Amino acid sequence: MNEELTTREFKDLSTSEITEKILKECGGYGLFQKILTIFVLIFVIVDALGALAMVFIRETVPFACYPANFNESMIPSNISLDEFLNDVTVKKGKCSVYNLDTEDGFYVLPTSNSTKEPCNYGRKFYTEDLSSIVSEFELVCDKEWLKNIAVSAIFAGILVGNLVFGIFSDRFGRYKTFCIGEIVYMVCSLTKINAPNYIVFVVMYFLEGFGSAGTYIILYTILIECVSQNYRMRLNFAFHGTFAVGEIILGGVAYLLRKWQHLLYAAWFPHILIFIIALKYLPESPRWLLNKQRFAEAEKSFNKIAKLNGKDNEDMVNLIRELQRKAESKSKFDDAVVENENFGYKQRISEKPKTVIDLLKRPRSAMISINIWFNWFVNSMLYYGVTLNSVEMSGNRYVNYLMMAVIEIPATLLGCITFHWFGHRKPIVFFMVFGGINCIVSNFVPKANFWFPLMLAVFGKLGVTASFFGIYLTSVELFPTAVRNSGMGTASSFARVGGILAPIILGLSIYGSWIPLSFYGVFGIVAGLLILLLPEMKDACLLQTVEDMHNL
């Protein structure tokens, strides 16, 4: 294909379509993309270990209360310290201790008629088999509510981080932003593990979430932007399905490492290796380079991809130069307009970088964006709410968690199959409504056998998982390259609001056990039906400019 033919053949194509053709000329999904995929999927597994460790580091640890003015030498000789403390601690709620009488210099064991007082004189946690932040920072009784603050803190950090890193990624590049986010994550995570008190722990958890926001979605964006259109859907579900593999591995690691610091160290250490590899081998998104009109760097990046994929790069180079001519032609036109408006005084005005605000300037793109953001909010609320609820249901918490993790594998497969056959919109509607209905119905089944409501909750998790994975793909397809990470970052920030509210909504069960899951269910159904208002993007090119989105 010579340069003259390229100009004639593609002069009427959009920038998005030409960019898609460049990627296909580079192989679409060759050795370069396969190596990148392996790296990204390894990162996803590692990220899952840290992201959901919150489920296990909040576990309740058995404890007993010390009575007032306690003297261990006054314990009767026929019982041990642990037996004594267990006897003097009020069984119901375990937040009170009996007042003790003495006889012949020894304590008299209390009876049910003994007076009680609050457990304010210290506690002994039995951490031989299990420890958590509950035992580390004594988050029981009147402080029990504080254990959920840590969960809200990391979600709040991700919320803020997504807004900041989304803007940085679109302005300064995916690669640099990822590296900065990973550094922040590693430093704050290590500090959190060794926090001297709960305030420092929560602050570091917040900053860890902030750093995490600069890694997960950005790496997802790099992967999707480096492959051609016909591979996006399968890679999307492979990406999220691998997160489920990480969740399953976390269940086994958490079962083996019952000390909360050991579990967090196991989740933290692999990030060092991830960062070293990324620093040397992670590529910048070639789509982003083209969008920023850094054509020389883009050509170099595409040349590297084509060479590793064993493709001839002559046609690819011609296409990049066609995009460069289009950009220069538009620039000259803009200059001419400026010159005319200023009565002959020529003044070059550089185009302002696009931001998430540009998505809201026209009704069509605003409707699409708000719809996507609302669905991220609801999906996250359901996803984390159902997961946290499962661990607190009857039965073994590890079995419950494992079932909730394993169900994400068939959810991924079902999502991939339905997206292939029915497009990218209808399956999300189905899975959201299905998940919502299961959440509601699970409230009104007999609780005598805990397996039945647990299975309904698991099916609810299947639905919300498949829809969550689907909304990721729909979002990256609908947000243009110019503001893709800003749009995705804002969407993820809305998701964090949902994550923050999830444990709070679970707390409404004190007013009625049916309230939390019913709340999740209704929101799931409403959000699912709103997806019908979005355009279908199956087989469409990734959008490059905000104007492309306005024209949907």
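What counts, and where the lines are drawn
- Residues numbered from 1 in each chain as written.
- Predicted model: local features only at pLDDT ≥ 70, side-chain atom pairs only at ≥ 80, totals over all residues.
- Heavy atoms only, no water.
- UniProt positions renumbered as here; feature names shortened; annotations may be inferred.
- Disulfide = S-S within 2.5 Å.
- Helix = DSSP H or I, 4+ residues; strand = E, 2+ residues; numbered from the N terminus.
- Salt bridge = Lys/Arg side-chain N within 4 Å of Asp/Glu carboxyl O.
- Buried < 20%, exposed > 50% of the residue type's maximum accessible area, 1.4 Å probe, protein only.
- Axes fitted to C-alpha atoms, helices over the stretch in contact; angles between N-to-C directions.
- Parallel < 35°, antiparallel > 145°, perpendicular 65-115°, else oblique.
- Contact = heavy atoms within 4.5 Å.
- Nonpolar A, V, L, I, M, F, W, Y, C, P; charged D, E, K, R; others polar.
- Core = buried A, V, L, I, M, F, W, Y, C linked by side-chain atoms within 4.5 Å.
- Patch = residues over 30% accessible without salt bridge, like charges linked within 9 Å, V, L, I, M, F, W, Y side chains within 5 Å.
- Areas by Shrake-Rupley, 256 points an atom, 1.4 Å probe, with all protein chains shown as cover.
- Polar contact = N/O pair within 3.5 Å; in protein donor to acceptor, adjacent residues only side chain to side chain.

In the annotation of an unreviewed UniProt entry, the chain is listed under the name Organic cation transporter protein-like and assigned to Octopus sinensis. Under the Subcellular location (unreviewed entry) heading, UniProt states for the chain: "Membrane".

Undergrad: Honestly, the state of the cysteines in this entry has me stumped. Any pointers?
TA: In protein chemistry, a disulfide is the covalent bond that joins the sulfur atoms of two cysteines. Tallied over the full model, the rule gives two disulfides. There is a disulfide in this structure between Cys 65 and Cys 119, and the S-S distance comes to 2.1 Å. Handedness here is read from the sign of the S-S torsion; for Cys 65 and Cys 119, about -115°, the answer is left-handed. With Cys 65 in strand β1 (residues 63-65) and Cys 119 in the loop between β5 (116-118) and β6 (123-125), this pair connects stretches of sequence that are 54 residues apart. The disulfide partner of Cys 95 is Cys 141, and the S-S distance across this bridge is 2.0 Å. Its torsion about the S-S bond being -100°, the disulfide of Cys 95 and Cys 141 is classed as left-handed. With Cys 95 in the loop between α5 (81-88) and β2 (96-98) and Cys 141 in the loop between α6 (133-136) and α7 (147-172), the pair connects residues that are 46 residues apart, well separated along the chain. For the chain, the bonded cysteines connect in the pattern 1-3, 2-4 when numbered consecutively along the sequence.

Undergrad: Where do I start with the pattern of salt bridges in this structure?
TA: Should the charged atoms of two oppositely charged side chains come close, the side chains can pair. Counted by the stated rule, this structure contains 11 salt bridges. With a closest N to O distance of 3.2 Å, Glu 138 and Arg 123 form a salt bridge. On the criterion of sequence distance, the pair formed by Glu 138 in the loop between α6 and α7 and Arg 123 in strand β6 is long-range, its members being 15 residues apart. For Arg 123, a relative accessible area of 17% corresponds to the buried category. Taking the shortest distance from any N to any O, the salt bridge between Lys 461 and Glu 408 comes out at 3.1 Å. With Lys 461 in helix α21 (residues 451-478) and Glu 408 in helix α19 (residues 408-422), the pair connects residues that are 53 residues apart, well separated along the chain.

Undergrad: Sorry, what's going on with the packing of helix α11 (residues 232-256) against α19 here?
TA: Between two packed helices, both the angle of their axes relative to each other and the distance between the axes serve to describe the pair. α19 packs onto α11 with a crossing angle of 175° between their chain directions and a minimal axis gap of 9 Å. Compared by their axis directions, α11 and α19 come out roughly antiparallel. On α19, the residues touching Met 233, Arg 234, Phe 237, His 240, Gly 241, Ala 244, Val 245, Glu 247 and Ile 248 of α11 are Glu 408, Ile 409, Thr 412, Gly 415, Cys 416, Phe 419 and His 420. The residue inventory of the contact of α11 with α19, partitioned by class, reads eight nonpolar, five polar and three charged.

Undergrad: What is the right way to read the nonpolar core from this model?
TA: In this structure, Ile 133, Phe 178, Tyr 198, Phe 201, Trp 376 and Tyr 520 are the most contacted members of the largest nonpolar core, which totals 144 residues. By residue number, the principal contributor to this core is α21, which donates 13 residues. Beyond its immediate stretch of four places on either side in the chain, Ile 133 contacts Ile 57, Arg 58, Glu 138, Leu 139, Lys 147, Ala 150, Tyr 198, Phe 201 and Trp 260. Leu 23, Leu 289, Phe 295 and Ala 306 belong to the second-largest nonpolar core, a separate cluster that totals 18 residues.

Undergrad: Help me understand unusual backbone geometry in this model?
TA: Most peptide bonds are trans, and most residues other than glycine sit at a negative phi. At Asn 69, a position not held by glycine, the phi torsion is positive, near 50°. Counting through the fold element by element, Asn 69 comes out in the loop between β1 and α5. One non-glycine residue, Gln 293, adopts positive backbone phi at about 60°. Summarising the element assignment, Gln 293 is placed in the loop between α14 (286-291) and α15 (295-308).

Undergrad: Got a minute to help me understand a nonpolar patch on the surface in this structure?
TA: On the surface, Val 245, Ile 249, Ile 409 and Leu 413 cluster together to form a nonpolar patch covering roughly 300 Å² of accessible area. Of all the elements in the fold, those that place two or more residues in the nonpolar patch are α11 and α19. Within the secondary structure layout, Leu 413 lies in helix α19. What makes Leu 413 exposed here is its relative accessible area of 54%.

Undergrad: Just checking my understanding: could you explain the side chain of Glu 117 for this structure?
TA: With respect to the secondary-structure elements, Glu 117 resides in strand β5. A polar contact of 3.2 Å, which involves the side chain of Glu 117, links it to the side chain of Tyr 121. Excluding residues within four positions of it along the chain, Glu 117 makes contact with Ala 68, Ser 96, Val 97 and Asn 99.

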